[in-house]
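Residues per chain are reported as follows:
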Protein chains: 2
Amino acid sequence: MQLFYNSQLNKGSTIFTLDREESKHVFKVLRKKIGDDISITDGRGNLYNGNINHITSNRCDLDINFVKATPPLSYQLHIAIAPTKMNDRMEWFLEKATEMGISRITPILCDHSERNKINLERFNRIIVSAMKQSLQFHKPLLDELTNFDDFLKMKITAKKYIAHCEELDKIHLKNSIKAEESTVILIGPEGDFSIQEIEKALLQEFKPVSLGKTRLRTETAGIYTAALLNMINS
Amino acid sequence: MQLFYNSQLNKGSTIFTLDREESKHVFKVLRKKIGDDISITDGRGNLYNGNINHITSNRCDLDINFVKATPPLSYQLHIAIAPTKMNDRMEWFLEKATEMGISRITPILCDHSERNKINLERFNRIIVSAMKQSLQFHKPLLDELTNFDDFLKMKITAKKYIAHCEELDKIHLKNSIKAEESTVILIGPEGDFSIQEIEKALLQEFKPVSLGKTRLRTETAGIYTAALLNMINS
């Protein structure tokens, strides 16, 4: 099964035209013909069937039928992470975390951050691609780059954790998180969170956690966290 | 701490000359001077201190002292995985699995494999780089590309698992693996293992396991498995 994505679809949709790039893909790569079906999601849990009624190399018109709705998780798996200096490392994290079923990602700007600009549009494209690839119908929410202090001020009802490398009392994340519980985890930049940031997070009742014995890169810590959240909820 | 690697060192070493590239790095990037120390591992668990007694832009001579030996794990964490069509995806797996403390990786050639050649030297360089980055002293063992059938013929005393996507009775990997137990897990190519391969593995007492609800890419399945092996042993 190959899954397409378009956020403009809704349960009332009856006809739809794929964009130029997707039309080309359907025509040239998938070699679909009039009468063939394709599957589309709106990224909000809904799956649609599109029956091709017109196709050329740059235009594909579809008759749309709503197929089914997948309810969202009753809990939110949320990672707030400092974008890495090398952009591709952050992009790998986005792809892998999406495949593993994360529900929300907040890029955060920290005292030791080595990147203070992100390309939100590109990040979203990577997330959409990974969502389609892994056959999921809910697009993870991607926030704008958020200042660490502003993030702490947000109203968060989830269980809160901070993964830092300082030699403080910490228990392993696997012994902290619970299944079907909304969870948010802070992952710092390569140079770790500053002591001040850690103190501020602890004051806001973020629980310090460890991610094992080896020193993980930022994006590895993020992927490891996404794997553990997936594992605990599988 | 920055860690260097050289497999030629041994406990009897008293002097050592870094290679040209490493010498350049120590001189130009780290800006080390005569009398400064650097840390080196031989990838077999041993850590050495190197005290610089001569340094130019392309040569760095060291007085070597053995510092400590880290014993190997009493168990082996082994992933046998089909290299991905896109080489960078396999390379990301190698890096992340090394960071997460895997002990052995066997690239396997399967019925549905889309890659039948690998660059072992390049793969080893990536593993060494990840080992140094994550401050580990044991270099994971990397096998040559091995035919699936030949792999099954190998004498394996570890607990054996196969992660496949067929709709057969499977339990989640997290409910199968145990701490401090030698484990080998087979991960198939993008097109999954063939039915014949799955049957052969089951005959050899590989236990079928699932890696959760979402469809993971090959390298993601590998990283997820490495994360779970790390988690269970943390």
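Residues numbered from 1 in each chain as written. Chains lettered and ligands numbered in written order. Predicted model: local features only at pLDDT ≥ 70, side-chain atom pairs only at ≥ 80, totals over all residues. Heavy atoms only, no water.

Considering the interface of chain B and chain A
How big an interface is tends to be reported as the loss of accessible area on association of its parts. Taken together, the contact pairs 34 residues of chain B with 34 residues of chain A. In total, chain B and chain A occlude about 3,000 Å² of area from one another, counting both sides; carbon and sulfur atoms represent 53% of this. Scanning the region where chain B abuts chain A turns up six salt bridges. Salt-bridge contacts for Glu-95 of chain A lead to Arg-89 of chain B; the nearest nitrogen and oxygen are separated by 2.7 Å. Our count for the contact surface shared by chain B and chain A stands at 22 residue pairs in polar contact (both at pLDDT 80 or more). The set of elements that each furnish at least two residues to the side of chain B that touches chain A consists of α2 (87–99), α3 (120–133) and α6 (218–232) of chain B. Broken down by element, the residue count for the side of chain B that touches chain A peaks at nine residues, all from α6 of chain B. (Contact = heavy atoms within 4.5 Å. Buried area = accessible area lost by both parts, 1.4 Å probe. Salt bridge = Lys/Arg side-chain N within 4 Å of Asp/Glu carboxyl O. Polar contact = N/O pair within 3.5 Å; in protein donor to acceptor, adjacent residues only side chain to side chain. Helix = DSSP H or I, 4+ residues; strand = E, 2+ residues; numbered from the N terminus.)

Quick word on the pattern of salt bridges
Residue and element names in this part refer to chain B. Overall, the coordinates contain 29 salt bridges over all chains when judged by the stated rule. For Glu-91, the salt bridge goes to Arg-122, with nearest N and O atoms at 2.6 Å. Note that Glu-91 is positioned in helix α2 and Arg-122 in helix α3, a separation of 31 residues in sequence. With relative accessibility at 10%, the residue Glu-91 sits in the buried group. (Buried < 20%, exposed > 50% of the residue type's maximum accessible area, 1.4 Å probe, protein only.)

Overview of the sheet that holds strand β4 (residues 46–56) of chain B
Residues and elements named next belong to chain B. Pairing is mixed in the open sheet, where five strands are placed in the order β1-β3-β4-β5-β2. Because the sheet does not close on itself, it has two edges, and the strands there are β1 (3–5) and β2 (15–17). Each strand axis lies, on average, 40 degrees off the axis of its neighbour in the sheet, ignoring direction. Across 10 bridges, β4 lies against strand β5 (residues 59–69) in antiparallel orientation. Paired with Ile-55 across the two strands is Cys-60, which belongs to β5. Helix-sheet contacts for helix α1 (residues 20–29) involve β1, β3 (37–41), β4 and β5, and the interaxial angle to β4 is about 75 degrees. Of the strands in this sheet, β1 and β3 are in contact with α3, which crosses β1 at around 150 degrees. (Pairing = 2+ DSSP bridges. Axes fitted to C-alpha atoms, helices over the stretch in contact; angles between N-to-C directions.)

What about the domain arrangement of chain A?
Residues and elements named next belong to chain A. The domain boundaries assigned to chain A delineate domain 1 (3–69) and domain 2 (77–232). Placing the centre of domain 1 and that of domain 2 at their C-alpha centroids yields a distance of 33 Å. With 10 residues of domain 1 at the contact, the number on the domain 2 side is eight residues. Taking both sides of the interface into account, the surface hidden between domain 1 and domain 2 amounts to around 740 Å²; carbon and sulfur atoms contribute 71%. Of all residues in domain 1, Leu-3, Tyr-5 and Gly-43 bury the most surface against domain 2, accounting for 62% of the area lost on that side. Taken together, the connections running from domain 1 to domain 2 amount to zero salt bridges. Those elements that place two or more of their residues in the side of domain 1 that touches domain 2 are β1 (3–5) and β4 (46–56). At three residues, β1 tops the list of elements feeding residues into the side of domain 1 that touches domain 2. Class assignment for the residues of the side of domain 1 that touches domain 2 results in four nonpolar, four polar and two charged. (Domains from an automatic or database assignment. Nonpolar A, V, L, I, M, F, W, Y, C, P; charged D, E, K, R; others polar.)

Regarding the pairing of strand β6 (residues 77–81) of chain B
Residue and element names in this part refer to chain B. Counted residue by residue, β6 has five buried out of five residues, so it is predominantly covered. Along β6, one buried face is formed by Leu-77, Ile-79 and Ile-81 and the opposite face, lined by His-78 and Ala-80, is buried too. In the sheet, β6 pairs with strand β12 (residues 183–187) via five bridges, with the strands oriented parallel. For Ala-80, the partnering residue across the bridge sits in β12 and is Leu-186. The pairing of β6 with strand β7 (residues 104–109) spans four bridges and is classified as parallel. Bridged to Ile-79 within β7 is Ile-105. For the crossover that starts at β6, traverses α2 and ends in the parallel β7, the hand is right-handed. (Right-handed = clockwise from strand over helix to strand, strands pointing away.)

As for the nonpolar core
If you look at the biggest cluster of nonpolar residues, it comprises 65 residues, and the most contacted ones within it are Phe-93, Leu-94 and Ile-105 of chain A together with Phe-93, Leu-94 and Ile-105 of chain B. When residues in this core are grouped by element, the largest group, nine residues, is from helix α6 (residues 218–232) of chain A. In this structure Phe-93 of chain B touches Ile-79, Ile-81, Ile-105, Glu-219, Gly-222 and Ile-223 of chain B, once residues within four positions along its chain are discounted. (Core = buried A, V, L, I, M, F, W, Y, C linked by side-chain atoms within 4.5 Å.)

Digging into the relation of the copies chain B and chain A
Laying chain B over chain A is done by rotating through 180 degrees and shifting 0.0 Å along the axis; what remains is an RMSD of 0.0 Å. Such a turn and shift between the copies fits a two-fold axis. If distances are taken from each C-alpha of chain B to the rotation axis, the shortest is found for Ala-227 of chain B, at 3.3 Å. (Least-squares fit on C-alpha atoms with pLDDT ≥ 70 in both.)

Regarding the side chain of Asn-6 of chain B
Residue and element names in this part refer to chain B. With respect to the helices and strands, the residue Asn-6 is situated in the loop between β1 and β2. On the basis of relative accessibility, which here comes to 11%, the residue Asn-6 falls in the buried class. In terms of polar contacts, Asn-6 uses its side chain to reach the backbone amide nitrogen of Gln-8, at 2.9 Å. Contacts of Asn-6, omitting those with residues within four sequence positions, involve Phe-16, Ile-40, Thr-41 and Asp-42.

So, the pairing of strand β13 (residues 207–210) of chain A
The two faces of the sheet receive side chains in turn, since in a regular strand these alternate between them. Residue and element names in this part refer to chain A. Sheet topology places strand β10 (residues 159–163) next to β13; three bridges connect them, and they run parallel. Paired with Ala-163 across the bridge in β13 is Val-209. Alignment of strand β11 (residues 171–172) against β13, held across two bridges, turns out to be parallel. Its bridge partner lying in β13, His-172 is registered against Ser-210.

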